[in-house]
Structures are given as structure tokens and as C-alpha cells.
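Analysis of the macromolecular model
Given next are the chains, with one letter for each unit.
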Amino acid sequence: MIYMRGKLDEDSLLVTENLVNGKWIEGSNTPVAVDDPFTQGVIAEVTSVGEIETQAAVDAAQAAFPAWAARPAKERAAILRRWFELIIEHKDDIARLITRENGKHIREAYGEVDYANQFMEFYADEATRVLGETIPAPVSGRRLLAEPEPLGVAAAITPWNFPLAMLTRKTAPSLAAGCTIVAKPAAMTPLTALAFAKLGQEAGVPAGVFNIVTGPSGAIGKVLTSSPVVRKLSFTGSTEVGVMLAQQCAGTMKRISMELGGNAPLLIFNDADLDIAVETAMVAKFRNGGQSCIAANRIYVQSGIHDHFLSAFAEKVKTLKAGDGFNDANDIGPLIDDDAVCKVEEHREDALARGGELLAGGASPGGRLSLPTLVSGVPEDAKLAHEETFGPLAGVIAFDTIENGIALANKTPFGLAAYLCSSDPGTIAHVSRQLESGMVGINTGLISTAYAPFGGVKMSGVGKEGSHHGIEEYLNRKYICHAGL
């Protein structure tokens, strides 16, 4: 370890090795430095593994699978429940780790811990609710059954923007279903995931059931996608990488879940409550500094409310402060890296060059900070109307009719989430059904929960995470026809 901001209450949660078959191992590659996005100082150097160690993790998961799958669901549930309790006990340290390596404000880090732990609690219960079916036979003397079975070894590849939540959202249903798993967290934020693995050991997860590897994506991904032993791959990340992984998985016909890029629209109609519309836009756009796949990337406002909304929204945006995520006076922390800052700058300058007007914020003050920014009069051909900005830049585009707004919202190859603000039941019912997205938030920008299915359509992915649908992604329904009765 080279440098650490602050101090953990439990130093053992700062882990730099990988967990394979119940043992903490060093990698064969040069360790990877993990930095603090605010100070840009190195927090720790994390081991980097290659194909050999990744294959060992797959082998360990395969060896552990029969016993874990055969273990009573109640026992698997008890281990997940204990893991859930340990996360609560170490909530402060986990939140600090998230802010240190991701940069998000500590308030949002605490929020992520709570959200992530929803999945641990929910699937601890759901493990005992996986039921089979008895199907009425069309002829006498037969019994038809559909029995759930765990798929086998699963692989999870998670992103940096929610380093704990994206991992629990995959790990909890996998283990609850009876699968074993090999997880690869993002190289920029591995410390939270490794601390999670440490707590899993303490909770009693058997050796080989949960393995975690860090290192080059190409080498690790090659093993996970090509191995015939790995029967399921769950990935959260960019559409470009998701398409590549899906192609690589095709050779072994893996079950895949892909939660990919978004370009979420927010439609604000004339009959919307102004205060609710502003609050929805603030949360949908600026939560996690805009670094969320479901962030409202395009804000469309109907002409009748446009000026009133813009004035109120601008005043709110002006109050937001960017800075150190550990400082309570700030609202958002730094972005994850220099490229993220550059993309926000590019999208802002492009919108202004095309005729947009700067109402709040502006150029980056330096480092990895990006000021919460609002641009009005954004033309439809601007980059921020077509590309995912992934930062605290809000662009407002006016529209006239309801159908015009729907058409603008759907004018994208992506379809992860969409939002709308209206007080008219007819408008809400019509628009929510016409929007081409996997999820719709109505008069709220906060839609994520473990209790509902999360996932997109079009180029935003396949499969669902969360709710009872999430555990089905790790199960096979075996049909059994018993004749001669």
C-alpha cells in the first residue's frame, strides 16, 4: 500500500489479493495501481492475474458447484443473510472505500451500500421461494413436472460506477439459485469488491463458491467467455463491450444477461407539477454525478412549461457544488478519470457551438472535477442528444406535441430507462406504454430497487436483474415426463 485517504475502522477490509478457491492469492502480472479520483494519489496496488489464475478460479467454481447446488436452500439463504448482516456492520468502511476509489460523494456511497444490500437481503429470502411446477397431463397415467435447477458456474463482470451494487445484483441471485461464481470487478474500483469478498468468507461462503479475480479484461474475459464450464455470463457496461462478449459467448451457447449503455430521455409535459419536474430532473440527471446508465441524458420539455421549468431548474443546478466527496459542503465528487471529464467538456462545447445557451456551470475547474452544468436550446443534432454523456451536464430540448416528444425520446438505438413528468393519467398511461425502454420512471428520477426487474431493450441489453425474475436468469427449468403411472 502506498497511500490512503482517511482511515478504515477495520484495516483488514483493504484487500489487494484475489480470492480463488477460498485462498487469497497474488497475481503473475504487475500489480495495478488504484487511485483516488479527487487527489489522484494511489490508494493501493492490487494484484493482477492472467489466464492461468482465472482458469483456476473457474476450476474451483466447477468443483464447488455440486455440493453448493445440493445444499438445502435454507442453508444457502442463511449464508447470504449473514453476509447481508456483515455489510451492515461494516457499512462505514465500505462507504469510505467506495468514495475513495470511485470519487462519489460519501452520502451517495452510503446510499449505494443500502441499495446493494437490498439484493443480499432479497435473495436470501428468494432462495427458499424457487418453486417447481406440476403440469396437468393431457393423457392419463402420466405426471409432468418442470423442476428448477441451477445452471452451473456463472461469471460476473461489473463496472466502476456502482462497484458494490452491480456485484451484489449478480452474486446474490447466483448463489441463491445454487450456482457458483467467478467475478471480475472493474480495474478502477476493485477494492470495494475485494472487501465484499472478504466479508463473504467471514459469512461462511464455502471455498470455490465465490471467487474474485482482478487484472486485464482481455485475458480474464477470454477464459470466462470461452470456457464450456461457465454456463452463464452477466455483464454490466458499455454496449460495445457487451456486443463483443455476447459474440464470444456464442461459441459455447452461454446464458447471458447484459445491462448495457443508456441514453435515457426525460419528458416533461405541460401539465406536470413544476416542483416535481425539477426534482425529478435533478435526481435523474445528477445522481452519482451523472455517471449512471439510467441517468437522464436528454431532457425534453413541452413548450407550455418550458420557460418556467428552465428558470426553476437553472436555479437548482446553480446551487450544486462539485468537490471532495468526503466534504459535506459538496454535492457531487470528481469523475472517475480524465477521459470522463474530457467527454463532458466535448459535449458541452459541441452544444454551445451549435447554438445552445449556458445557464449554469461551465468549464472544469481542474483535476477530475466537472461542474454541474445546464445548457438550454440544445439542437437535436448535438452530441449530447445522441451520445451518453456520463457526467453532470444537462441539456434541455423543447418540443410541442405529445407525439413529437415520444418520437424524440425513442429516436435512439438504446432503451434502458426513460422518465416522464405529468399529472394527467391519460398522458401517463399513453406515454409510458409508447416509450421504447425497459423501465419508465413517472414523476420520479429514483427507480432502482431490488424488488423490481431491472433491464433494457434494443441495444441496452437482454435479461433482467432484481426481483424474482433475476433469480430465473440462473436457473434451468427441466421438464420431466413420468409415464406408466
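The coordinates are above.
The sections below set out a description of the structure shown in this document. All of these numbers come straight from a predicted model, not from anything done at the bench.

1. Describing the side chain of Lys-170
For Lys-170, the location among the structural elements is in helix H5 (residues 165-177). A relative accessible area of 0% places Lys-170 in the buried class.

2. A look at empty space enclosed by the protein
Here the idea is plain: a probe the size of a water molecule rolls over the atoms and shows the empty space left. Overall, the coordinates contain seven cavities of 30 Å³ or more when judged by the stated rule. Put simply, the largest cavity is a space of about 100 Å³. Contributing to the lining of the largest cavity are Tyr-115, Asn-161, Phe-162, Met-166, Arg-169, Glu-259, Arg-287, Ser-292, Cys-293, Ile-294, Ser-448 and Phe-454. Tallied by class, residues from the lining of the largest cavity come to six nonpolar, three polar and three charged. What the second largest cavity holds in volume is close to 80 Å³. Lining the second largest cavity are 16 residues, with Pro-265, Ala-409, Phe-414, Gly-415 and Glu-436 sitting closest to its centre. Sorting the residues of the lining of the second largest cavity by element identifies strand S12 (264-268), helix H12 (402-410), strand S17 (414-415) and strand S18 (417-421) as the ones contributing at least two each. Of the residues assigned to the lining of the second largest cavity, the class counts are eight nonpolar, five polar and three charged.

3. With respect to the environment of Phe-119
Within the secondary structure layout, Phe-119 lies in helix H4 (residues 106-126). Residues Phe-119 and Asp-400 lie 281 residues apart in sequence; the distance between their C-alpha atoms is 41 Å. Apart from residues no more than four positions distant in its own chain, Phe-119 is found in contact with Thr-168, Arg-169, Ala-172, Ala-450 and Gly-466.

4. What to know about the packing of helix H3 (residues 91-102) against H4
Running from N to C, H3 and H4 point in directions that differ by 120°, and their axes come no closer than 8 Å. One way to sum up the angle between H3 and H4 is to call them oblique. Crossing handedness for the pair H3 and H4: right-handed. On H4, the residues touching Lys-91, Asp-92, Ile-94, Ala-95, Arg-96, Ile-98 and Thr-99 of H3 are Ile-106, Ala-109, Tyr-110, Glu-112, Val-113 and Asp-114. Residues of the contact of H3 with H4, tallied by class, amount to seven nonpolar, one polar and five charged.

Criteria and thresholds
Chains are numbered independently. Their residues run from 1 in the order of the written sequence. The predicted origin of the model limits local features to residues at a pLDDT of at least 70 and limits the giving and counting of side-chain atom pairs to 80 or more, whereas totals for whole chains, interfaces and linings rest on all residues. Remark: hydrogens and water are excluded; side-chain values derive from all non-hydrogen atoms of the structure. Helix and strand labels come from DSSP, where a helix needs a run of H or I of at least four residues and a strand needs a run of E of at least two; each type is numbered from the N terminus. Exposure is judged per residue with a 1.4 Å probe applied to protein chains only, and the accessible area is read against the type maximum: over 50% gives exposed, under 20% gives buried, and values in between give partly exposed. Both site types are read off a 1 Å grid over the protein atoms alone. A 1.4 Å probe that fits but cannot get out defines a cavity, while an open set with protein on both sides within 12 Å along at least five of seven lines defines a pocket; lining residues have an atom within 4 Å of a point. Grid points are joined across faces, edges and corners, and a volume is the space filled by probe spheres set on the points. Ten residue types, Ala, Val, Leu, Ile, Met, Phe, Trp, Tyr, Cys and Pro, are classed as nonpolar, four, Asp, Glu, Lys and Arg, as charged, and the remainder, Gly among them, as polar. Between two residues, a contact is recorded if the distance between any of their heavy atoms is within 4.5 Å. Every axis in this analysis is a line fitted to C-alpha atoms, fitted for helices over the stretch in contact. Angles between the N-to-C directions lie between 0 and 180 degrees. Here the word oblique covers every angle except those under 35 degrees (roughly parallel), over 145 (roughly antiparallel) and from 65 to 115 (roughly perpendicular). For a crossing to be left-handed, the near helix must be turned anticlockwise from the far one by less than a right angle; the clockwise case is right-handed.

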